[in-house]
Amino acid sequence: MRDIDHFIGGESYSSGDRTGDVFDPNQGSVQARVRLGTAQDLQRAIDAAKAAQPAWAATNPQRRARVMFNYKELIEANMDELAELLASEHGKVVADARGDVQRGLEVIEFACGIPQALKGEYTQGAGPGIDVYSLRQPLGICAGITPFNFPAMIPMWMFGMAIACGNAFILKPSERDPSVPVRLAELMKEAGLPDGILNVVHGDKAMVDAILDHEDVKAISFVGSSDIAQYIYARGTANGKRVQAFGGAKNHGIVMPDADLDQVVADLTGAAFGSAGERCMALPVVVPVGDETADRLREKLIPAIEALRVGVSTDPDAHYGPVVSKAHKERIESYIQMGIDEGAELVVDGRGFRLQGNEEGFFIGPTFFDHVKPTSKSYQDEIFGPVLQMVRARDFDEAVRLPSEHDFGNGVAIFTRNGHAAREFVSRVNVGMVGVNVPIPVPVSYHSFGGWKRSGFGDINQYGMEGVRFWTKTKVVTQRWPDGFVEAGNKDAFIIPTMG
């Protein structure tokens, strides 16, 4: 049985006998054990980070960028290994796993430009003989707590920016698929990062609480469910930490009557069922405007959904693979039954799907509901599985109101050929990330990622310049080099300085 240990101070480290099972979702069997750490293990990582961070912060940004350039090349060179390892523990197909790594790599590419991103502001002659300038300086030791669904992308979103800014970083990945985060840290060491700057500690709630309570951790980034995000934010900020905590989602796809329905169907099947729906930016709710649009869309959707191929992660022809665990499969199936009990029409039922030769795998077939009511719990909650719900809107105003009034405000998309309708929708909808004919509107690396309402707690988004702001603090310097000295006792010295 393979053991997955912590990565602390540039080397593998194990202690204690608490472990968690890491499954192969394709087979439904245990393939490895991950070490579940303690507060003492965290302290070891903190000690390594404290010893290394001052010298790293003093390293000029250009040299830090060179490490990022090296890392980019190593990720590209090891892309196949990372994607296959990721797929083996998560369950997503290898092609999708490559996308997971690639989207994280794009933030590393942005971090390669950190010398430009860290430049401050300067004003010469702000007052008589007075200049003012600002500096962006690292916070010290930072931490990231990441979910199972993107074990490469989200860790790189966090530690790439934090480390480039001069911080040390402690990553606590999901215990469900922990191998890729460890491999990412090993490759960062190979890229030239000093030991102790990037550490990986595994664990459950005990480790999370230890991170939240440790006085040396100055900032925490989290992605996961909304209830836990709210808990992370409340406990972290109560302990004086800077916290960004991103939660769940229930993203809507608005389909206007003039939309290209063939394109919509292609986009919807990928956005709703890709990665078995285990994406916070999935599109699990489709909102056609008007019954005529809904009926035409439904007619095209059914055969497209029924044609989706569910297979093992290594099947190059599979559209998606298994979900991450047996417990999560059972949870998704309970929501399907809930939808039936609430009166929605189950058009395509994915329950009971069994893949020949992999009967114990955590597979669920694609599922499609029509006539879902906005008051139903299955609509209000995040299902996080291969389930598409159709909520019919009477008109454009109702289509805007549905995502705007939902508890989650992560992402939304509108499909239309009408520029005025799109512009009006973008302006009015109460959601953090909007796509216009783009089904999964994850911003590129030089913008930023973040949802609203219960999808995001905290004021600063991830990566891009928002990430630079989150992982640094601003110091403003006002300096004067007078031509002569002011006489002692001069009354002007007792008046607050102004720029007059």
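The model shown is predicted, which means the values in this text are computed figures rather than measured ones. (Residues numbered from 1 in each chain as written. Predicted model: local features only at pLDDT ≥ 70, side-chain atom pairs only at ≥ 80, totals over all residues. Heavy atoms only, no water.)

1. Remarks on the domain arrangement of the protein
Turning to step 1, where the next piece is worked out: Domain annotation of the protein identifies domain 1 (2-247 + 455-477) and domain 2 (252-436).
Turning to step 2, where the next piece is worked out: Summarising the inter-unit geometry, the C-alpha centres of domain 1 and domain 2 are found 31 Å apart.
Turning to step 3, where the next piece is worked out: Between domain 1 and domain 2, the contact holds 20 residues from the first and 25 residues from the second.
Turning to step 4, where the next piece is worked out: Summing both partners gives a buried area of about 1800 Å² for domain 1 against domain 2, and 54% of it is carried by carbon and sulfur.
Turning to step 5, where the next piece is worked out: Across the domain 1-domain 2 interface, the total number found is 1 salt bridge.
Turning to step 6, where the next piece is worked out: For the salt bridge of Arg279 with Asp96, the shortest nitrogen-to-oxygen distance reads 3.2 Å.
Turning to step 7, where the next piece is worked out: Counting across the domain 1 and domain 2 interface gives 12 residue pairs in polar contact (both at pLDDT 80 or more).
Turning to step 8, where the next piece is worked out: When contributions to the side of domain 1 that touches domain 2 are tallied by element, the ones reaching two or more residues are strand 4 (19-24), helix 3 (79-90) and helix 4 (94-111).
Turning to step 9, where the next piece is worked out: The greatest single-element share of the side of domain 1 that touches domain 2, amounting to 3 residues, is contributed by helix 3. (Domains from an automatic or database assignment. Contact = heavy atoms within 4.5 Å. Buried area = accessible area lost by both parts, 1.4 Å probe. Salt bridge = Lys/Arg side-chain N within 4 Å of Asp/Glu carboxyl O. Polar contact = N/O pair within 3.5 Å; in protein donor to acceptor, adjacent residues only side chain to side chain. Helix = DSSP H or I, 4+ residues; strand = E, 2+ residues; numbered from the N terminus.)

2. Description of the pattern of salt bridges
Side-chain pairs of opposite charge can arise where the charged atoms are in close proximity.
Turning to step 1, where the next piece is worked out: Under the criterion given, the structure shown has 31 salt bridges.
Turning to step 2, where the next piece is worked out: Salt bridges sharing partners connect three or more residues here, namely Asp291, Asp295, Arg298, Glu345, Asp370 and Arg392.

3. A short note on the packing of helix 10 (residues 261-273) against helix 11 (residues 291-306)
Turning to step 1, where the next piece is worked out: Viewed as axis vectors pointing N to C, helix 10 and helix 11 meet at an angle of 50°, and their least axial separation amounts to 10 Å. In this view, helix 10 runs oblique relative to helix 11, as classed from their interaxial angle. With respect to the hand of their crossing, helix 10 and helix 11 are arranged in right-handed fashion. Contacts between helix 10 and helix 11 pair Leu261, Asp262, Val264, Val265, Leu268, Thr269 and Phe273 from the former with Arg296, Leu297, Lys300, Leu301, Ala304 and Ile305 from the latter.
Turning to step 2, where the next piece is worked out: Along the lines of polarity and charge, the residues of the contact of helix 10 with helix 11 split into 9 nonpolar, 1 polar and 3 charged. (Axes fitted to C-alpha atoms, helices over the stretch in contact; angles between N-to-C directions. Parallel < 35°, antiparallel > 145°, perpendicular 65-115°, else oblique. Left-handed = near helix turned anticlockwise from the far one by under 90°. Nonpolar A, V, L, I, M, F, W, Y, C, P; charged D, E, K, R; others polar.)

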